[in-house]
Amino acid sequence: MLLKASALSRHFILRHFAVKAQVTNSETLAINTKTVTIQPSSILNSASSTIFAICSKAKLEKSLWEDALLDAQRVIELEPSSHVGYQLKHTTLHSAQRCSEAIEALQIMLAKLDSAPGMEIQKLRDKYISLSRAEGAIRKSIDAQLHAAPLRLLNTNTGLLCDREAQISAFKMTTEYEQLLLSIMHADFPMERIADAVATYFRYVMLSHTWGENEPLLHDIQDNAVYKLKATGGLVKLQSFCKLARHAGYNWAWVDTCCIDQNNNVEFQKSLNSMFSWYRCSALTVVYLSDVPPSSKSGALAKSAWNTRGWTVPEFLAPRVILFYQQDWTPYLDDVSSNHKESVEIMHELEDATGIDARVLVAFQPGMKDARQKLQWVSTRVTTVPEDIAYSLFGIFGIHLPILYGENAQNALGRLLQEIVARSGDITALDWVGQPSEFNSCLPANIFSYAAPPYALPYLSEDEIQTAVSSLRHTVAVDQALKLHTLLENVTAPRFANCRLRLPCIAFPVTEVRWKPGPAQKMTFTYEVKADGLDDLLITTEEKLVQFSRFRPTRQTFLLVFPWDRRLLELPDFADDAESSGDWPQFESPLDDSDESVGDSLGEEELADSESYSRALRLIIRLGQPFGAFLLARQRCGEYKRIASDHDIVARVKDVTSVHSMMDIRTLEIL
C-alpha cells in the first residue's frame with residue numbers, strides 16, 4: 001500500500017520518527033489532520049535504520065561503545081542485506097579495540113558490498129581489501145623479516161623456544177597483529193608501515209658470552225618454559241638474559257648454547273655461516289661479562305676472559321647496538337645509555353684491548369678490505385674447537401664456506417685464506433712469519449703468524465719520487481720503461497684453487513746459497529743468499545737447503561720473487577672486488593698538478609707519451625724500494641714451494657736503473 005502523505009517531506013518524517021521509540025505494524029499516525037497509514041515495508045525499515053545509524057554515530061563520537069553497538073545491531077536487524085549496519089558495527093568495535101570482532105564485522109560488510117550493485121557501492125568497496133589479501137601482505141613482510149633472523153628464538157614472554165612457524169603463530173595471537181590486519185584492510189593504509197610493524201614485533205636480542213659449566217642445550221629447554229626450570233648452572237644466566245630482554249621491551253632472544261640444534265648438520269652449518277648476519281641484524285646485542293664484578297672500574301672489560309675468545313670478535317663487530325653487563329647484570333661502568341658503542345670511554349677501552357680502531361668498532365663493514373689487519377685482530381684469540389678460529393672469521397670477510405669440523409685448524413684456515421686471495425686478489429694475507437701450512441706453503445700453519453705487524457716498507461714522499469723520476473729520465477730508456485709498465489699492467493690477478501696458488505711475480509734467479517756458521521740455534525739454519533739483480537741477503541729457516549754457487553751449481557732451481565701488487569700501478573679507484581671498491585690506498589699523482597703550459601708546448605700525442613713515460617718511471621721507483629720477498633724452491637713436477645723464514649725476507653734491487661733485471665715476470669704455481 002502506498003503512503004498517502006506525499007506532501008510530507010522525508011526530512012519531517014525522520015525528525016518525527018526520531019521522537020518516537022518504534023513504529024509497529026498497522027500503526028496510524030495523525031499529522032496535520034491527515035492520516036498516514038504505514039504497513040511493514042522496506043521504506044519503513046530504511047527510515048528506521050537511518051535513525052539508528054545516526055544515533056550510533058553520535059554515540060560513537062562520545063565513546064559510548066556499548067550504546068553505539070546496540071544501535072548498529074538494530075540497523076543490521078532492520079536491513080540485514082545492507083552493509084551499513086556492519087560498517088557501523090566494525091567502526092565501533094575497532095574504536096573499542098575489540099579487534100577480532102571488528103575483523104569479523106568488516107568481513108561481512110565486504111561480502112554485502114560485493115553482492116550489491118551500483119557505482120557508489122563499488123567506490124566504497126574499493127576502499128577496502130579482503131582479509132586474505134591483508135594476511136598475505138603481512139605474511140610476505142614476516143617472511144622477509146625472518147629471512148635474516150635466527151632459525152629459533154626464545155619467547156621472552158613465555159620462556160618457550162620457538163621455531164619460525166611458532167614465532168608467526170605467537171604474533172597472530174597478539175593484539176598488534178589484529179590491529180595491523182584491520183589497518184591493512186583499509187586500502188588507504190600505507191603498505192610500507194607493514195614492514196615497520198612486523199620489524200618492531202620480531203626484534204630480537206643476541207647474547208655474547210663465554211661458555212661456562214652446565215650450559216643448557218636445546219634438548220634441555222625444548223618444550224619447557226625456561227622461567228619454570230630450576231635455576232642452576234647456565235640456566236641462571238639464560239633466565240636473567242631473557243628477563244633483561246623482556247624488560248627492555250623485546251619479544252625475542254637468542255643464545256648460542258640452546259637455540260641451535262647441534263645434532264642437525266644442515267641447521268648447524270647454516271647457523272654458523274649466518275652468525276655474523278644474525279648479530280648484524282639484531283636490535284640489541286648484550287655482552288655478559290661473567291668475570292667482571294659489580295661496580296668494576298674501567299679496565300675490567302679488557303681483562304675479561306670474554307676478550308680472549310675467537311667468536312667474540314664478530315659478536316662485537318657486527319652489531320650496531322651493544323650493551324655490556326657485569327656479573328650481577330648491571331651495566332658496565334654504570335653506563336645506562338641505550339648503546340655502549342656511543343660511549344667514548346668503553347670504546348677506547350675496547351680499542352686498547354683489541355687493537356681495533358674505535359671508529360672501526362663502532363661502524364665495522366664486512367668484506368675483503370684490509371685482510372692482513374683483520375687476521376691480526378684474531379691472531380692471539382683462542383677457541384675451544386681449533387677449526388673455529390677460522391670459522392669465526394667467515395662473517396667478518398663476508399665469506400660462506402662449508403663448516404667441516406674434524407678437518408683440522410690448518411685446513412680450515414687454509415680454505416679461508418684461499419678464498420680471500422681468490423676473491424679479492426689481495427696478497428697481504430701471504431705476508432706472515434712462522435711455520436708453513438700443509439694446505440699450501442704460501443700460507444701459515446697457525447693464525448698466530450699474523451700477530452706481528454707486517455714489515456713497514458720505507459715511505460717515499462711525493463717530492464722524493466719526483467726527484468728520483470727526474471734522475472731516471474736521463475738513464476732509463478723510454479721503450480724499456482714503457483715495456484715494463486705494459487708487462488705489469490697486463491699481469492693477471494693471483495688465482496687460488498684446490499690448494500694451488502698461481503702467483504704473478506717478478507722473479508730473480510738465486511745464484512748462490514751458502515750456509516753461514518753462527519751461534520747454535522735449535523733447528524734453524526742461516527744462509528747467505530745471492531740473486532741476480534738483488535743485494536745479498538741473510539735468510540734463517542728451519543729447512544736445510546742445498547748449498548750451491550755459480551761454480552758449483554745445483555739441479556734444483558731457487559728463486560727470490562717480488563709478489564706483484566697492482567697497487568703499485570697507482571690506478572684510480574682500483575678494487576679487486578665490489579665490496580672493496582675504493583679500498584686501496586690512492587697515491588697522489590703529480591700529473592694532476594702539472595704546469596698547464598706543458599700542454600700548450602706539446603702536442604696531444606707527445607703529452608700522452610710524456611705522461612705514460614712518467615707513470616712508468618714512477619713504477620720503476622717503487623719497484624726499486626725494499627720489498628717483502630719469497631724464497632721459492634722448484635719441485636720435481638715444476639711447481640714451487642715457499643721456504644718459510646723466521647723473519648721477514650726484505651730484498652732490494654741493486655740498481656734501479658737496470659730495468660732489464662726486472663723484466664722476468666712470471667706466474668708461478670706454488671704448492
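Residues numbered from 1 in each chain as written. Predicted model: local features only at pLDDT ≥ 70, side-chain atom pairs only at ≥ 80, totals over all residues. Heavy atoms only, no water.

**A few points about the pattern of salt bridges**
Okay, so step 1: Taken as a whole, this structure holds 23 salt bridges when the rule is applied.
Okay, so step 2: Across the pair Glu 669 and Arg 502 runs a salt bridge whose closest N-O atoms are separated by 3.6 Å. Taken as a pair, Glu 669 in strand S18 (residues 665-670) and Arg 502 in strand S10 (residues 500-515) lie far apart in primary sequence, 167 residues in all.
Okay, so step 3: By relative accessible area, which is 31% here, Arg 502 ends up partly exposed.
Okay, so step 4: Between Arg 666 and Asp 664 there is a salt bridge, and its shortest N-O distance comes to 2.8 Å.
Okay, so step 5: A residue is classified by how much of its surface remains accessible, and Asp 664, at 25% relative accessible area, is partly exposed. (Salt bridge = Lys/Arg side-chain N within 4 Å of Asp/Glu carboxyl O. Helix = DSSP H or I, 4+ residues; strand = E, 2+ residues; numbered from the N terminus. Buried < 20%, exposed > 50% of the residue type's maximum accessible area, 1.4 Å probe, protein only.)

**So, the layout of surface pockets**
Okay, so step 1: The space that makes up the largest pocket amounts to roughly 1200 Å³.
Okay, so step 2: Around the largest pocket, the lining is made up of 42 residues, and of these Asp 431, Tyr 455, Leu 457, Asp 565 and Arg 567 lie nearest the centre.
Okay, so step 3: When its volume is computed, the second largest pocket comes out at roughly 560 Å³.
Okay, so step 4: Residue lining of the second largest pocket: 22 residues in total, with Trp 211, Asp 256, Trp 311, Thr 384 and Asp 388 positioned closest to the centre.
Okay, so step 5: Mapped onto the lining of the second largest pocket, the elements with two or more residues apiece are helix H13 (265-281) and helix H15 (312-317).
Okay, so step 6: Counting residues per element, the lining of the second largest pocket draws most heavily on H13, which supplies four residues.
Okay, so step 7: For the lining of the second largest pocket, the class distribution of residues is 11 nonpolar, seven polar and four charged. (1 Å grid on protein atoms, 1.4 Å probe; cavity = no way out; pocket = protein on both sides within 12 Å on 5 of 7 lines; lining within 4 Å. Points joined across faces, edges and corners; volume = space filled by probe spheres on them. Nonpolar A, V, L, I, M, F, W, Y, C, P; charged D, E, K, R; others polar.)

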